[in-house]
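# Notes for the structure review
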Amino acid sequence: MSFTLEQLETIHAKQRSSKIWIGSGLGIFLIVVFFTFAMLVDKAPPIFFKIEAVAAMVAIPMLFLLNHISFFFIQRRFTQSPYRELVSKLLPGDVDEKPEKVLGFVHKGRE
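The following refers to the structure shown. Residue positions are given per chain, counting from 1 as you read along its sequence in written order. Local features in this predicted model are restricted to residues of pLDDT 70 or higher, and side-chain atom pairs are both shown and tallied only at a pLDDT of 80 or more, whereas totals for entire chains, interfaces and linings draw on every residue. Here the side-chain values reflect all heavy atoms present in the structure, with hydrogen atoms and water set aside.

## Notes on the packing of helix α1 (residues 5–43) against helix α2 (residues 46–64)
The line we're drawing: Axis geometry follows a simple rule: fit a line to the C-alpha atoms, using only the stretch in contact for helices, then measure angles between N-to-C directions, giving values from 0 to 180 degrees. Helix numbers and strand numbers start at the N terminus; a helix is a DSSP run of H or I with at least 4 residues, a strand a run of E with at least 2. In these notes the angle categories are as follows: under 35 degrees is roughly parallel, over 145 is roughly antiparallel, 65 to 115 is roughly perpendicular, and the rest is oblique. A clockwise turn of the near helix away from the far one marks a right-handed crossing, whereas an anticlockwise turn of less than a right angle marks a left-handed crossing. Residue contacts follow a heavy-atom distance rule, with two residues in contact if any of their heavy atoms lie within 4.5 Å. Side-chain classes are defined by residue name, with Ala, Val, Leu, Ile, Met, Phe, Trp, Tyr, Cys and Pro counting as nonpolar, Asp, Glu, Lys and Arg as charged, and the others, Gly among them, as polar.
In contact at an axis separation of 10 Å, α1 and α2 are set at 150° when each is read in the N-to-C sense. Considered as vectors, α1 and α2 are oriented roughly antiparallel to each other. Every pair of crossing elements has a handedness; the one defined by α1 and α2 is left-handed. For the pair formed by α1 and α2, the contact residues are Gly23, Leu26, Phe29, Leu30, Val33, Thr36, Phe37, Leu40 and Val41 on the first element and Phe48, Phe49, Glu52, Ala55, Ala56, Ala59, Ile60, Met62 and Leu63 on the second. A per-class count over the contact of α1 with α2 returns 15 nonpolar, 2 polar and 1 charged.

If you want it as structure tokens, here you go:
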């Protein structure tokens, strides 16, 4: 099947958008953790501090995996659409490449 540049740009736009939303949410969460740290240490039971510490340790590596996380959501979103076959040929890091280059990979195969 022949894929068009517009289809690929649509998928890239959706992946970038979800990447921004996820990264912003994680950033806000980490800011809240930073500002509530002292209060939890001083006034809350120790279990709340432990939960917050573990959640922060999980959130920080997620910032480095935003391409993979956003691609997971894109795969789920486009399962019942005409984009399904195109999404199955993409990789998480393709969103950072130029669409013309990725379209060449899709049509000719990866080396």
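Anyway, onward from the coordinates.
## Quick notes on the environment of Phe37
Under the convention used in this document: Accessible area is worked out with a 1.4 Å probe on protein chains only. A residue is then buried under 20% of its type maximum, exposed over 50%, and partly exposed in between.
Inspection of the secondary structure assignment puts Phe37 in helix α1. Among the residues examined, Phe37 registers a relative accessible area of 41% and is labelled partly exposed. In this structure, the C-alpha to C-alpha distance between Phe37 and Phe48, residues 11 residues apart in sequence, is 9.9 Å. Filtering out sequence-adjacent residues up to four positions away, Phe37 remains in contact with Phe49 and Glu52.

## Re the packing of aromatic side chains
The test is simple: Stacked, edge-to-face and tilted are the three classes for Phe, Tyr and Trp ring pairs, Trp counted by its six-membered ring, which pair at centre distances within 6.5 Å; planes under 30 degrees apart are stacked, over 60 edge-to-face, the rest tilted. Sitting over a ring, as applied to charges here, requires NZ of Lys or CZ of Arg to be within 6 Å of the ring centre and within 35 degrees of the ring normal.
Here the structure, examined in full by the defined rule, presents 4 aromatic pairs. Relative to Phe35, the ring of Phe34 lies with its centre 5.1 Å away and its plane at 80°, an arrangement referred to as edge-to-face. Here Phe34 matches Phe35 in class, with each residue exposed. The interplanar angle of 70° and the centroid separation of 5.6 Å between the aromatic rings of Phe72 and Phe73 together place this pair among those described as edge-to-face. In this structure, Arg77 is placed above the aromatic ring of Phe78, and the distance from its NZ or CZ to the ring centre is 5.8 Å.

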